[in-house]
Every structure is written in C-alpha cells, then in structure tokens.
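The chain contents come next:
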Amino acid sequence: MTTLMGITFSTLLTITQIGMYFGFMGNATMIIRHTDADVWVASKNIQNFDFANPIPEDRINRVRALDGVESADRIIVWWGFLKLPSGGQEQVQIVGFNPDSGIAAPWAMIEGDAYDVKGGRYMIVDKTSEQRLGKLKLGQVWELTGKKFKLVGISEGIKTFTTAPLVFMSYNQSKAFFPANTATYVVAKIKDKGRLGEVVETLRATMKDNDVYTKGEFVYKTVMYWTVQTGMGMGFFLTAILGLTVGGVIVGQTIYANTMEHIQEFGTLKAIGAKNSDLYKIIFTQAGISAVIGFAAGSIIILLLKDLIEKVGVTLYLSFWLFVPMFFIILLTCLLSAYFSIRKVKMLDPVMVFRG
Amino acid sequence: MDIALETKDVTKIYRQGGIEVVAVEGVSLSLEAGMVLLIMGPSGSGKTTLLSMMGCILQPTSGTVRVDKGVVSGLSIDLLPDIRKKYFGFVFQSFNLFPSLTATENIEVILRLKGWKKADMRETAVGLLDAVGLKQRAGFYPRDLSGGEKQRVAFARAMAGDPAIILADEPTANLDSKTGNSVLELLKDMAETFGKAVAIVSHDPRAEALAHRVVFLEDGRLRQ
C-alpha cells in the first residue's frame with residue numbers, strides 16, 4: 001500500500017509538472033503554431049514571441065519581392081490597457097492581423113467571425129479573459145488605451161505565456177498603438193515547401209538587420225527562452241525529478257523492507273535451487289506491478305483533477321504521448337529502486353536456511 | 001547399490017577475523033540409493049556444515065564431493081543451483097514453507113523451478129500430498145497446518161520433481177514425539193519405497209533405529 005501511494009504521488013507530481021510545463025510552452029507558442037505562415041521575420045535578437053521590437057513595415061516588400069514567396073503579411077503584437085467597468089485598468093496583449101488574409105487571426109471563434117474586425121474599431125477577445133475582464137458580450141464597447149473598441153467576436157482557449165488577455169483587431173487599427181510605419185512581424189507563406197530552407201537563407205542574407213526564422217525555429221526559440229533563460233524550465237524539471245526521486249525512494253524502501261521480511265523465503269528458494277535471476281524476477285515483478293498500479297492510480301487522479309486545475313487558469317497539457325514516456329520513466333524508477341533488494345538477495349547465503 | 005553422493009576428505013575452514021576455524025575436517029562418506037544415513041554429533045560438531053557441502057550449498061575448502069559420479073566441488077558457484085535443483089530435495093528444521101502459498105502451491109514452486117509445465121504441476125503436487133497423507137489439506141495455508149503436517153508438506157516438496165537425494169536437517173526437532181516418529185517413518189519410506197538416498201542430521205536417538213548407517217561427527221571429524 002505504501003509502495004502504491006509512493007508511486008501514485010510520484011506520478012501525480014511528475015505528470016502535473018511536465019503537463020504544466022508543456023501547457024505553458026503550448027501557450028507561449030500557440031499563435032506561432034496556429035498562424036498559417038512558413039517564415040517569420042522579426043527584429044534583430046528577438047528572444048520570444050511576446051517581447052518583440054518594431055521593424056519597418058516596408059520590410060514586407062523585400063519579402064514579397066523574393067522569388068518563392070507566395071504571400072506575406074504584417075502582424076503587430078503589442079501591449080495596451082483596457083479600462084474596466086469598475087474603473088481599473090487591465091494590461092492586454094494586442095494582436096493586429098490582416099482580416100482579408102486571416103493570417104494570425106483568432107482561430108477558435110465561439111461568437112462572431114475573425115473577419116468582423118475589418119473596417120473599424122472592432123475587437124475580438126478570448127473567453128479565458130473573463131476571469132479578469134468580467135462577462136464578455138458582443139456589442140460591448142471597451143476603452144483600449146484611450147480609444148473605444150466594440151467587441152465583435154469571442155474566441156476560446158487562445159492564450160499566450162504572459163497570461164495577459166488577448167485582444168485581436170485589424171492590423172490597421174493596431175497601428176494606432178505602435179510606433180508609426182512599423183510592424184512587429186512580417187510573416188510569409190512559401191510556394192514550394194521543399195524550398196523553405198533556401199528561401200529562409202536568402203532572406204537572412206538580404207535582411208541582415210532582422211532575424212528570420214522558419215515556424216519551427218521560432219517555436220523552438222520561444223520555448224528555449226522561457227525554459228532556459230528564465231530558469232522556469234529548470235524549476236519544472238527539478239520538481240518533476242524531485243517527484244520521481246521521492247517516489248523512487250519510497251518504492252525502494254518498501255520493496256527492501258518487503259524483501260527483508262521475506263528473506264528466509266528467499267534463502268529457502270536459493271537453497272532448493274533457485275538462481276539469483278529467479279529471485280530478481282520476483283523482485284522486479286513486484287516493482288513492475290507496483291509501477292503499473294501506482295501509475296494508473298496517479299494518472300486517473302490527474303485526469304479527474306485536470307478541469308479543476310484549468311479552472312484556476314493553469315493549462316495542463318495531458319496527452320497519450322505524455323503518458324506513454326512517463327509510464328516508462330516511472331517503471332524504470334521503480335525497477336532501479338529495487339537495486340538494494342537485488343543486492344541483498346544476490347549476497348544472500350543459502351546456508352542461512354540451516355541455521356533455524 | 002548405486003552411489004548417489006560421495007565425499008572424499010572434505011574439509012571446510014572458515015576465516016573469521018584472521019583466525020581459521022576448522023568446521024569439518026577430512027570427512028569421507030558415501031550415500032547410496034535406498035539408504036538412510038544418519039549424521040549425529042553434538043552442537044557445533046560441523047553436522048550442518050557437512051550437510052551444506054553434501055547439498056552443494058557450500059563449497060568445501062578442500063576435498064571432493066561427487067553427485068551422481070560427477071565432481072561438483074570446485075564448480076562455479078553459478079552452476080550449483082542447477083545441481084541442487086536436479087539432484088536434491090531438502091527438508092529443514094523449521095519447515096521453511098512459503099506462508100503465502102497453499103500446501104499445493106508450495107510444492108508447485110519447486111516444480112516451476114524445475115521447468116515443469118503448468119498443466120502437469122497441480123496433479124503431481126496433489127499426488128505428492130496424497131503420498132504423505134495430506135491430500136485433504138491441499139488447499140490449506142501453512143498457518144492452518146499443525147507442525148507435523150507442515151513437515152509432511154515439506155517432505156512432499158522435497159520429493160517434487162523426483163530428486164535422487166533427500167537431505168534433512170533436524171527434521172524432528174520442532175515436533176512432538178508421536179509426530180516425530182511418523183516423520184522418521186516417512187523418511188525411511190522415502191529410502192526404502194521410493195529408492196531415495198536419504199541423509200539426516202539429527203540429535204534424535206530414535207532416528208538411529210531406522211538408519212542404515214550412522215556416523216558421528218566430533219570437532220568436525222568423523223568418528224565411526
């Protein structure tokens with residue numbers, strides 16, 4: 001029972017930490033991944049999606065001029081303050097996109113349409129922002145950094161790493177919040193995906209005062225920023241490793257105690273002809289069964305708690321492909337934790353059975 | 001008669017804190033099929049050490065142990081479990097049954113170690129329990145058996161897989177006199193009816209009456 005509790009606790013802690021990490025990284029790269037663009041052009045030395053500097057908006061012409069580029073668009077990602085009905089203000093992240101192409105438009109609309117932002121001071125806000133902004137209703141008028149915007153659409157589940165409410169609007173309207181004649185990103189679609197590397201290299205050669213990334217590279221850069229440079233990734237992984245260690249120690253202790261409790265039986269088995277490998281099999285089977293049951297219990301608990309955890313604003317990424325490697329990690333931890341028991345039975349002298 | 005087990009000038013020396021302790025010295029004896037050999041001697045005379053060497057649990061410091069005419073002393077320690085499994089059945093003073101297994105399952109453990117098929121194990125195990133008069137207790141756990149019944153299960157387990165040699169260490173020590181007598185009869189039966197070579201280490205003077213040969217150990221040496 002103690003073994004199972006140890007493994008269940010270990011599974012819970014480890015999967016929660018890794019699920020939260022992947023959840024945060026998923027949020028941090030969500031807009032990049034959902035934007036239908038192969039190439040991202042940004043300011044020099046950009047570190048991640050959320051903190052970008054302005055670049056001249058006419059850079060789009062250099063991108064469009066390149067053979068192999070099918071289309072290009074500009075995006076503005078910036079910050080603003082939304083005045084709350086209560087009188088306070090909430091910092092929001094503005095995403096300005098081209099409603100005609102729909103590049104970088106919100107994709108999970110539950111009310112309205114992304115195209116509705118065209119032609120005026122219209123905005124789309126994500127439903128997850130209701131925690132901070134209160135109930136959202138189409139037709140509401142909000143004051144954003146001194147300018148009034150009408151809510152024409154509500155998306156659901158679109159977040160960034162910063163957790164600031166996301167406000168989507170047309171590129172033209174978002175320019176009002178940004179230095180003149182600048183944009184945050186120029187994004188492009190490539191005609192022939194097989195030539196992606198070649199196009200990116202050409203852009204890098206011709207736009208030396210900008211950073212140019214493929215979608216995958218920009219996702220990676222953003223993930224590495226939050227993971228390594230902020231130390232956040234290390235924090236998550238240390239906690240996950242701590243969970244595994246604590247679980248491993250509990251399992252090791254209980255399996256060892258169990259082995260000692262049955263040491264006479266192990267000695268008898270050895271005396272009557274069991275090989276060390278036969279005894280290892282018994283111990284490993286015990287550890288393996290504990291791993292399977294404990295992992296199953298921990299997994300069920302975390303799946304049951306997922307909604308509750310997400311209600312408080314934490315994204316927990318749980319998928320089959322997280323559970324599969326985690327199972328093998330937990331199993332390996334349990335098998336490794338049987339080391340002291342294995343050593344004990346290996347050294348066990350079967351003569352002990354004749355000593356009463 | 002065929003010699004099942006033979007020791008020649010077997011010596012066992014333990015080294016404890018730089019001091020050499022001679023537990024058994026120059027013991028030569030043989031054990032034939034159908035024979036009961038009784039090894040007697042005072043406590044600390046080396047009986048158990050000798051039995052351990054005969055049973056390939058301990059390797060002698062010098063001398064040879066032959067099992068089924070093959071020399072086993074000097075073999076790699078990794079090979080000894082297979083020798084024990086193939087040739088020996090063990091009966092222990094404290095029975096050493098597996099408490100979480102039924103009487104039948106205790107016997108099946110040996111058969112499984114010997115590589116028997118699962119389908120044949122149950123029938124054989126119940127047959128062996130029948131042979132020791134415990135068929136009705138087949139599904140009982142050791143905690144529900146009397147001392148005599150436990151030792152009978154231990155005998156049935158020792159017979160599992162038909163080993164040529166049975167080694168018994170103080171088999172009557174934890175039993176009352178009546179049960180002890182029946183256990184000794186059972187050992188004699190193993191030798192005379194089933195043709196096993198039986199070696200017993202015991203203090204019990206009643207065992208002398210059934211043994212075909214009695215040897216005395218004193219300070220690790222044989223006194224015929």
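Residues numbered from 1 in each chain as written. Chains lettered and ligands numbered in written order. Predicted model: local features only at pLDDT ≥ 70, side-chain atom pairs only at ≥ 80, totals over all residues. Heavy atoms only, no water.

Asker: Help me understand the pairing of strand β9 (residues 213–218) of chain B, please; the structure alone is not making it clear to me.
Answerer: A regular strand carries its side chains on alternate faces of the sheet. All names here are of chain B. The pairing of strand β3 (residues 36–40) with β9 spans four bridges and is classified as parallel. Each residue of the ladder has a partner; that of L38, found in β9, is V214. Pairing analysis gives three bridges linking β9 to strand β10 (residues 221–223), with the strands arranged antiparallel. Following the sheet pairing, L217 is matched in β10 by L222. Joining the antiparallel neighbours β9 and β10 is a turn of two residues, in which D219 adopts a positive phi near 50°. (Pairing = 2+ DSSP bridges. Helix = DSSP H or I, 4+ residues; strand = E, 2+ residues; numbered from the N terminus.)

Asker: Please explain the interface of chain A and chain B as it appears in this structure.
Answerer: Interface size is commonly expressed as the accessible area that is lost once the parts come together. Residue-level contacts link 16 residues of chain A with 20 residues of chain B. Regarding the contact of chain A and chain B, the summed buried area is about 1,700 Å², with carbon and sulfur atoms giving 67% of it. The largest share of the area that chain A buries against chain B comes from A:E265, A:I272 and A:F354, three residues that together contribute 40% of it. Inspection of the region where chain A meets chain B yields one salt bridge. (Contact = heavy atoms within 4.5 Å. Buried area = accessible area lost by both parts, 1.4 Å probe. Salt bridge = Lys/Arg side-chain N within 4 Å of Asp/Glu carboxyl O.)

Asker: How should I be thinking about the environment of B:T193 in this particular structure?
Answerer: Residues and elements named next belong to chain B. Position of T193 among the secondary structure elements: in the loop between α6 (177–192) and β8 (197–201). Note: C-alpha distance between T193 and F90 (103 residues apart in sequence) is 18 Å. A polar contact is formed between the side chain of T193 and the side chain of D189, at a distance of 2.5 Å. (Polar contact = N/O pair within 3.5 Å; in protein donor to acceptor, adjacent residues only side chain to side chain.)

Asker: Just checking my understanding: could you explain the sheet that holds strand β2 (residues 19–32) of chain B for this structure?
Answerer: Strands pair in a sheet through their backbones, by hydrogen bonds, and they do so in one of two ways: parallel or antiparallel. All names here are of chain B. Taken together, four strands build an open sheet; the order of strands is β2-β1-β4-β5 and the sheet is antiparallel. The sheet is open, and its two borders are formed by β2 and β5 (70–71), each paired with just one other strand. When strand β1 (residues 3–16) meets strand β4 (residues 62–67), the two strands line up antiparallel, connected through five bridges. The residue of β4 that forms the bridge with E6 is R66. Of the strands in this sheet, β1, β2 and β4 touch helix α1 (residues 47–54), which is tilted by about 60° from β2. (Axes fitted to C-alpha atoms, helices over the stretch in contact; angles between N-to-C directions.)

Asker: Any chance you could explain the domain arrangement of chain A here in plain terms?
Answerer: In terms of domains, chain A is made up of domain 1 (2–25 + 231–355) and domain 2 (45–208). The C-alpha centroid of domain 2 of chain A is placed 46 Å from the C-alpha centroid of domain 1 of chain A. (Domains from an automatic or database assignment.)

Asker: Looking at this structure, how should I read the pattern of salt bridges?
Answerer: When charged atoms on two side chains of opposite charge get close, those side chains can pair. This structure, assessed with the given rule, holds 23 salt bridges over all chains. In this structure, A:K275 and B:D82 form a salt bridge, with 3.2 Å as the shortest nitrogen-oxygen distance. With one member in each of two chains, A:K275 in the loop between α9 (263–271) and α10 (276–311) and B:D82 in helix α2 (residues 80–87) form a pair that bridges those chains. Judged by its relative accessible area of 32%, B:D82 falls in the partly exposed class. Here B:E149 makes a salt bridge to B:R137, at a shortest N to O gap of 3.0 Å. Linking B:E149 in helix α5 (residues 147–159) with B:R137 in the loop between α4 (118–131) and α5, this pair joins segments that are twelve residues apart in sequence. By relative accessible area, which is 29% here, B:R137 ends up partly exposed. (Buried < 20%, exposed > 50% of the residue type's maximum accessible area, 1.4 Å probe, protein only.)

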